[in-house]
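# Structural features, examined
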Amino acid sequence: MSTDTAARPVPRAGVLAVEAYVPGKSAVAPGVKLFKLSSNENPLGPSPKAAAAFAAAAAKLELYPDGAATRLREAIGKRYGIDPARIICGCGSDDLLSLLAYSYIGPGDEGIFTTHGFLIYRIAIQAAGGVPVVAPERDLTADVDAILARVTPRTRIVFLANPNNPTGTYLPFAEVRRLQAGLPPNVLLVLDAAYAEYVRNNDYSSGLELAATADNVVMTRTFSKIHGLAALRVGWAYAPAEVCDAMNRIRGAFNVNLPAIEAGIAAIEDRDHEDAAVAHNARWAAWLTEQLRGLGLAVVPSVGNFLLIGFPEAGPHTAAAADGALAARGLVLRAVASYGLPHHLRLTVGTAEANRLVVDTLRAFLADGARG
């Protein structure tokens with residue numbers, strides 16, 4: 001028996017190798033009006049009906065919520081015409097992504113994601129004891145052949161953000177089908193469709209149909225974006241019954257709180273508010289893209305509620321310099337060096353006031369050769 005004793009509790013192997021997720025900035029200098037454009041939040045806010053449902057829940061805060069989120073799952077099922085028994089809800093879609101990793105990845109198992117995929121994928125894989133495997137992209141877009149080429153006998157999960165954050169690019173549904181068809185049946189394909197509601201392209205699908213018919217496909221969604229409930233942390237997944245069973249065995253007993261459940265039900269039923277958010281995004285994303293390209297900046301074509309803006313790698317007009325100039329005006333964007341994109345900033349489509357101020361600020365910034 002070993003007599004070696006650490007001076008304090010030591011995390012299990014691999015935990016300290018995980019790089020903690022750092023969210024977008026949310027503060028500017030005192031006295032400056034804040035325009036938070038770093039977290040892809042809905043500039044219209046939540047549905048008034050969802051806000052009212054949240055407020056009404058204050059009368060029942062002493063009660064535990066329904067641990068199965070039954071009414072919320074039924075509301076989601078009714079909205080999309082799917083079986084509530086195959087829906088699982090969580091504390092944001094991040095919670096569900098982690099549950100999937102914990103359910104299917106063990107020490108030495110591999111999980112695949114793409115170069116600029118959501119940072120949570122790597123964290124979830126490593127936290128489960130697995131090995132992250134990165135598949136290169138093509139033109140900042142997931143590449144099905146590159147993903148399939150990295151599948152090994154140790155692969156357990158493929159995470160695919162579609163649309164992808166932070167690039168805003170997507171795979172047409174035909175390519176998603178090709179990816180699923182090329183995977184071994186024991187490899188779980190997780191389609192992270194957090195921004196699905198914003199996509200208007202006819203060749204796109206969230207993956208709901210594929211999750212309904214394939215034994216190895218899960219689709220995850222969130223209330224944080226289109227529904228404007230980011231503060232409440234509500235997400236859901238549609239999965240095969242066996243996958244739901246595995247996740248339900250290890251999830252927190254009350255992983256969705258009562259105000260979140262009530263607000264989520266009201267939000268999913270308010271189609272008018274969702275349509276208004278989609279229309280606002282379509283108008284201003286197109287306007288921002290045109291204006292920013294007119295300034296000579298590179299803007300990646302996006303189907304989400306955000307734009308990835310490219311800046312020169314050197315000189316006075318780098319991404320870091322632009323970030324500083326924008327912040328001085330209260331405009332907080334997302335630096336994405338942690339995604340391997342040090343020369344880009346991600347801009348959430350904001351209010352009309354915020355959008356116009358971004359363009360005006362960047363126009364002045366680019367015209368000033370002395371900035372740096």
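Residues numbered from 1 in each chain as written. Predicted model: local features only at pLDDT ≥ 70, side-chain atom pairs only at ≥ 80, totals over all residues. Heavy atoms only, no water.

### Here's the deal with the overall build of the protein
Within the protein one finds 12 helices and 13 strands. Rg of the C-alpha trace for the protein: 21 Å, near the compact-globule value of 21 Å for 372 residues, within the 12% margin. Just so you have it, the protein exposes about 16,300 Å², and 55% of that area is on carbon and sulfur atoms. Taken as two groups, the 34 positive and 35 negative side-chain charges of the protein have centres that lie 3 Å from each other. (Helix = DSSP H or I, 4+ residues; strand = E, 2+ residues; numbered from the N terminus. Rg over C-alpha atoms; globule rule 2.2 N^0.38 Å. Areas by Shrake-Rupley, 256 points an atom, 1.4 Å probe, with all protein chains shown as cover. Lys, Arg positive; Asp, Glu negative; His and termini not counted. Charge placed at Lys NZ, Arg CZ, Asp CG, Glu CD.)

### Remarks on the packing of aromatic side chains
By the definition in use, this model includes seven aromatic pairs. Here Y80 and W236 contribute two aromatic rings whose centre-to-centre distance is 5.5 Å and whose plane-to-plane angle is 35°, an arrangement assigned as tilted. Residue Y80 is found in helix α2 (residues 70–80), and its partner W236 is found in strand β8 (residues 235–238); the two are separated by 156 residues along the sequence. W236 gets classed as buried once you look at its relative accessible area, which sits at 2%. For the ring pair Y121 and F159, a centre distance of 4.9 Å and an interplane angle of 0° mean the geometry is stacked. Residue Y121 is found in helix α4 (residues 119–127), and its partner F159 is found in strand β5 (residues 155–161); the two are separated by 38 residues along the sequence. Both residues of the pair, Y121 and F159, count as buried. Cluster of aromatic residues (ring-pair linked, three or more members): F118, Y121 and F159. (Phe/Tyr/Trp six-rings, centres within 6.5 Å; stacked < 30°, edge-to-face > 60°. Buried < 20%, exposed > 50% of the residue type's maximum accessible area, 1.4 Å probe, protein only.)

### A word on the UniProt feature "modified residue: N6-(pyridoxal phosphate)lysine" (unreviewed entry) in the protein
Per the UniProt entry, the sites bearing "modified residue: N6-(pyridoxal phosphate)lysine" (unreviewed entry) are K225 in this numbering. With respect to the helices and strands, K225 occurs in the loop between β7 (217–222) and β8. K225 gets classed as buried once you look at its relative accessible area, which sits at 15%. Dropping the residues within four chain positions of it, K225 is found in contact with S39, N40, N42, A194, Y195 and Y198. (UniProt positions renumbered as here; feature names shortened; annotations may be inferred. Contact = heavy atoms within 4.5 Å.)

### Some remarks on the UniProt feature "domain: Aminotransferase class I/classII large" (unreviewed entry) in the protein
Here, UniProt's "domain: Aminotransferase class I/classII large" (unreviewed entry) annotation points to residues 33–361. Span residues 33–361 is 40% helix and 18% strand, its end C-alpha atoms 14 Å apart.

### As for the sheet that holds strand β9 (residues 298–300)
Read from one edge to the other, the open sheet built from four strands follows the order β9-β10-β13-β12, with strand pairing classed as antiparallel. Of all strands in the sheet, those bounded by a partner on one side alone are β9 and β12 (334–336). Recorded for the sheet is a direction-independent mean angle of 35° between the axes of neighbouring strands. Sitting on the sheet, helix α10 (residues 271–294) is in contact with β9, β10 (306–310) and β13 (341–348), with an inclination near 10° to β10. (Pairing = 2+ DSSP bridges. Axes fitted to C-alpha atoms, helices over the stretch in contact; angles between N-to-C directions.)

### What about the domain arrangement of the protein?
Domain annotation of the protein identifies domain 1 (26–45 + 272–369) and domain 2 (48–269). A C-alpha centroid distance of 26 Å is found between domain 1 and domain 2. Each side of the interface is counted separately: domain 1 has 24 residues, and domain 2 has 26 residues. Counting every contact that joins domain 1 to domain 2 gives one salt bridge. A salt bridge links E274 to R79, with the nearest nitrogen and oxygen atoms 3.0 Å apart. Taken together, domain 1 and domain 2 are joined by seven residue pairs in polar contact (both at pLDDT 80 or more). If you list the elements that add at least two residues to the side of domain 1 that touches domain 2, you get α10, β10 and β13. With six residues, α10 is the largest single contributor of residues to the side of domain 1 that touches domain 2. Looking at the side of domain 1 that touches domain 2 residue by residue, the class counts come to 11 nonpolar, 11 polar and two charged. (Domains from an automatic or database assignment. Salt bridge = Lys/Arg side-chain N within 4 Å of Asp/Glu carboxyl O. Polar contact = N/O pair within 3.5 Å; in protein donor to acceptor, adjacent residues only side chain to side chain. Nonpolar A, V, L, I, M, F, W, Y, C, P; charged D, E, K, R; others polar.)

### A look at the layout of surface pockets
A volume near 310 Å³ is recorded for the second largest pocket. What lines the second largest pocket is a set of 16 residues, and nearest its centre among them are E19, L119, R122, S338 and Y339. Considering each element in turn, the lining of the second largest pocket owes the most residues, four residues, to α4. Counted by class, the lining of the second largest pocket contains 10 nonpolar, four polar and two charged residues. (1 Å grid on protein atoms, 1.4 Å probe; cavity = no way out; pocket = protein on both sides within 12 Å on 5 of 7 lines; lining within 4 Å. Points joined across faces, edges and corners; volume = space filled by probe spheres on them.)

### Side note on the pattern of salt bridges
When their charged atoms lie close together, side chains carrying opposite charge are able to pair. In the structure shown here, the tally under the stated rule is 12 salt bridges. A salt bridge links K33 to E353; the nearest nitrogen and oxygen atoms lie 3.0 Å apart. Pair noted here: K33 is in the segment before β1 (35–36) and E353 is in helix α12 (residues 352–367), with a separation of 320 residues, a long-range link. Taken together, the shared-partner salt bridges in this structure form one network comprising D145, E175 and R178.

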